[in-house]
Amino acid sequence: MEFSDVVRSTFAVRDFVPSTLPDEVLYRILDQARFAPSGGNRQGWRVLVLRDPEKRRRLADFARTPMQEYIARRKAGEVPFNTVVPTQITPEQIAAVTLRFPLLDHLDDVSLIPVVLVVAVDLSRVASFDSMLSRIGVISGGSVYPFVWNILMGARNEGYGGVLTTFLSPREADVQEMLGLPAHFAIAALVPLGKPRKQLTRLTRDAVEDFTRVEHWDGPAFKP
Ligand SMILES: Cc1cc2nc3c(=O)[nH]c(=O)nc-3n(C[C@H](O)[C@H](O)[C@H](O)COP(=O)(O)O)c2cc1C
């Protein structure tokens, strides 16, 4: 595929048709993803390749409560889990949500989702230049998410798809224990991979003019 087509059509795939994803293809995807940048080129990412349905069912169970809370916050008109505006929702509102999220129901179905990747990052190898600020850190993620995105673009290029999910993080300690990860390996993403049921070609994204300003915050939008 053309680079431009891959970039413009790699979308969040949560709905899959039955397929297999051979180890050779997965290896090829990871072999290209490893050229992602990371702070100091430390390459602190680690990938657990999960085909075992039982482990994947447990991971799906871990993710249900965080997803329930995410939906409750969204229903209440919040931007879920943002660190600027405190949440107003109550445990009762969270408990009242009936979770309908087929991706989690199918996570242990190896015919629909042949592979699940858990991507962790070694925090002892990541330089977090913003760690002394009082706001939430954003730089640490920069040493792992370009790698995860390369996996998704590589999968698209091979006719597969997946989605970068972060819903496991609230249960990080349980995931670390289950998969044997040391405590300084942060769980950055869970990525299911398979054949998309449909292929989106026009993704909903803001125009360049919407997110750029020239020279100053009050400056004009950047235009060609
Ligand atoms: C940092 C990050 C965290 C995300 N976490 C989740 C998640 O926990 N669950 C989920 O279903 N999708 C998750 N997504 C996927 C986004 O919802 C998706 O990329 C976005 O809605 C764009 O979708 P589209 O490419 O299909 O338009 C995450 C994406 C990013 C970049």
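Everything below is about the structure printed above this text.
Residues numbered from 1 in each chain as written. Predicted model: local features only at pLDDT ≥ 70, side-chain atom pairs only at ≥ 80, totals over all residues. Heavy atoms only, no water.

## Remarks on the overall build of the chain
Within the chain, the secondary structure is distributed over eight helices and five strands. Scanning the chain from its N terminus toward the C terminus, one meets helices and strands in the order α-β-α-β-α-α-α-β-α-β-α-β-α. Relative to a compact globule of 224 residues, whose C-alpha radius of gyration would be 17 Å, the chain shows 19 Å and is just as compact. Residues counted as buried form 38% of the 224 residues belonging to the chain. Considering only contacts within the chain whose residues lie at least 6 apart along the sequence, 77% involve residues at least 24 apart. Surface summary for the chain: the accessible area is close to 13,400 Å², and the carbon and sulfur share equals 55%. Between the centroid of the 27 positive side chains of the chain and the centroid of its 26 negative side chains there is a distance of 2 Å. (Helix = DSSP H or I, 4+ residues; strand = E, 2+ residues; numbered from the N terminus. Rg over C-alpha atoms; globule rule 2.2 N^0.38 Å. Buried < 20%, exposed > 50% of the residue type's maximum accessible area, 1.4 Å probe, protein only. Contact = heavy atoms within 4.5 Å. Areas by Shrake-Rupley, 256 points an atom, 1.4 Å probe, with all protein chains shown as cover. Lys, Arg positive; Asp, Glu negative; His and termini not counted. Charge placed at Lys NZ, Arg CZ, Asp CG, Glu CD.)

## Focus on the packing of aromatic side chains
Think of a pair of aromatic rings as described by two things: how far the centres are apart, and how the planes are tilted against each other in angle. Inspection of every chain in the model, using the stated rule, returns three aromatic pairs. Taking 6.2 Å as the distance between ring centres and 90 degrees as the angle between the ring planes, the aromatic pair formed by Phe101 and Phe167 counts as edge-to-face. Highlighted residues: Phe101 in the loop between α4 (91-95) and α5 (102-105) and Phe167 in the loop between β4 (161-162) and α7 (172-179), separated in sequence by 66 residues. Of the residues examined, Phe167 reaches a relative accessible area of 10% and is grouped as buried. One residue, Arg73, lies across the ring of Phe81, its end atom 4.3 Å from the ring centre. Positioned above the aromatic ring of Tyr160 is the side chain of Lys195, whose terminal nitrogen or guanidinium carbon lies 4.3 Å from the ring centre. (Phe/Tyr/Trp six-rings, centres within 6.5 Å; stacked < 30°, edge-to-face > 60°. Lys NZ or Arg CZ within 6 Å of the ring centre and 35° of its normal.)

## Considerations on the site of the ligand
Neighbouring the ligand are Phe11, Ala12, Arg14, Phe101, Val163, Leu164, Thr165, Thr166, Phe167 and Arg205. Between Phe167 and the ligand, the recorded distance is 3.2 Å, taken from a backbone N or O atom to an oxygen atom. Its free accessible area being 630 Å², the ligand has 59% of it covered by the protein chains. (Near = heavy atom within 4 Å. Polar contact = N/O pair within 3.5 Å; in protein donor to acceptor, adjacent residues only side chain to side chain.)

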